[in-house]
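Structural overview
Next come the chains, spelled out residue by residue.
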Amino acid sequence: DNDFIEIKLPRFLNAKRQITIKDTIFFSGIGLHTGKQVKMTLTPAPPNTGIVFRKKINDKIVCIESSFHNVESTKLCTVLSDSKGNKISTVEHILSALYAYEIDNIFIDVDSEEIPVYDGSSLEFIKKLDRTNFNEQDSYKKFIKIKKNVEIKVNEKIARVSPFDNTLITTEVDYDHKVIGKQSISLLLNPEIYKTQICSARTFGFLKDVEELRN
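What counts and how
- Residues numbered from 1 in each chain as written.
- Predicted model: local features only at pLDDT ≥ 70, side-chain atom pairs only at ≥ 80, totals over all residues.
- Heavy atoms only, no water.
- Pairing = 2+ DSSP bridges.
- Helix = DSSP H or I, 4+ residues; strand = E, 2+ residues; numbered from the N terminus.
- Axes fitted to C-alpha atoms, helices over the stretch in contact; angles between N-to-C directions.
- Buried < 20%, exposed > 50% of the residue type's maximum accessible area, 1.4 Å probe, protein only.
- Contact = heavy atoms within 4.5 Å.
- Core = buried A, V, L, I, M, F, W, Y, C linked by side-chain atoms within 4.5 Å.
- Patch = residues over 30% accessible without salt bridge, like charges linked within 9 Å, V, L, I, M, F, W, Y side chains within 5 Å.
- Areas by Shrake-Rupley, 256 points an atom, 1.4 Å probe, with all protein chains shown as cover.
- Salt bridge = Lys/Arg side-chain N within 4 Å of Asp/Glu carboxyl O.

As a further point, take the sheet that holds strand β4 (residues 51-57). Pairing is mixed across the open sheet formed by 5 strands, whose spatial order is β2-β3-β9-β4-β5. Lying at the two open borders of the sheet, with one neighbouring strand each, are β2 (25-30) and β5 (60-65). With strand direction ignored, the average angle separating the axes of adjacent strands in the sheet is 25 degrees. One ladder, built from 6 bridges, connects β2 with strand β3 (residues 37-44); its direction is antiparallel.

Once that is clear, we can look at unusual backbone geometry. Backbone geometry places E102, a non-glycine residue, at a positive phi of 60 degrees. Looking at the element boundaries, E102 is found in the loop between α1 (92-100) and β9 (106-110). On the accessibility criterion, E102 (32% relative accessible area) is partly exposed. The phi dihedral of Y118 falls on the positive side, at around 55 degrees, and the residue is not glycine.

If you walk across this open sheet you meet the 3 strands as β6-β7-β8, and the pairing is antiparallel. Because the sheet does not close on itself, it has two edges, and the strands there are β6 (71-73) and β8 (87-89). Sheet twist, expressed as the average angle between the axes of neighbouring strands with direction ignored, equals 35 degrees.

Next up on the list: α1. Residues H93, I94, L95, A97, L98 and A100 constitute the buried set of α1. Its buried side turned inward, α1 meets β3, β4, β9, α2 (123-130) and α3 (191-198). Of the residues flanking the end of α1, it is E102, one or two places downstream, whose phi is positive at about 60 degrees.

Okay, the nonpolar core next. One finds M40, L42, F53, I94, I108, I115 and L129 to be the most contacted residues of the largest nonpolar core, which totals 29 residues. Counting only elements with at least two residues in this core, the list comes to β2, β3, β4, β5, α1, β9 and α2. Tallying contributions element by element places α1 first for this core, with 5 residues. Look past the residues within four positions of L129 in its chain and what remains in contact with it is I21, I25, A97, L98, Y101, I103 and F134.

Time to look at the side chain of N86. Mapping N86 onto the fold places it in the loop between β7 (79-81) and β8. Its relative accessible area of 17% is what places N86 among the buried residues. Filtering out sequence-adjacent residues up to four positions away, N86 remains in contact with I57, V62, I64, L80 and S81.

A word on a nonpolar patch on the surface. Nonpolar side chains collect at one region of the surface, where I144, I146, V150 and V161 lie side by side and expose about 360 Å² of accessible area between them. Looking at the element boundaries, I144 is found in the loop between β10 (134-140) and β11 (150-154). Using a relative accessible area of 78% as the deciding quantity, one classes I144 as exposed.

Written as structure tokens, this is what we have:
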């Protein structure tokens, strides 16, 4: 009577619905590299839209999708461009905030070629996202599952992704500079950790590069 067979059931993960914002959010500030005043608006987008930048050029609305296919440059900032050469730059901070808050569909309207930089972090974006509401949509999220290690090396730089059930980010920098030196951190990425430990991290630079940037 004590004989039995232990059956291990497969693990099921609950499907998550896509998310957009409920209300329009307004921003204004200065572009870091252009020095121009920028007005930016976040508005809800339909399911399966993704994150799309829109700007008006010659009375036409140009749409640039935030896809890795559209990354033109990552030198000093991330630049996205479409097949016709239309560009939007310094997108990394707003995209970081939207990803961390698991927002799938949104339109980002700008009246310049660059996103406002504020203090060089995503803190200002998080402050306003925290004051808005979110809508679950009829479609479900799509995920990419990492099944094996993928690694890229360029000189002394290494980037690696490995299988894991959550999103764990580990990063290390090693600068020949006494103020920075060697630093590392490892964090699970979720909205609360992003808000309390990541979003205020600021872009840094060196004085020796300031004149070139100004030019």
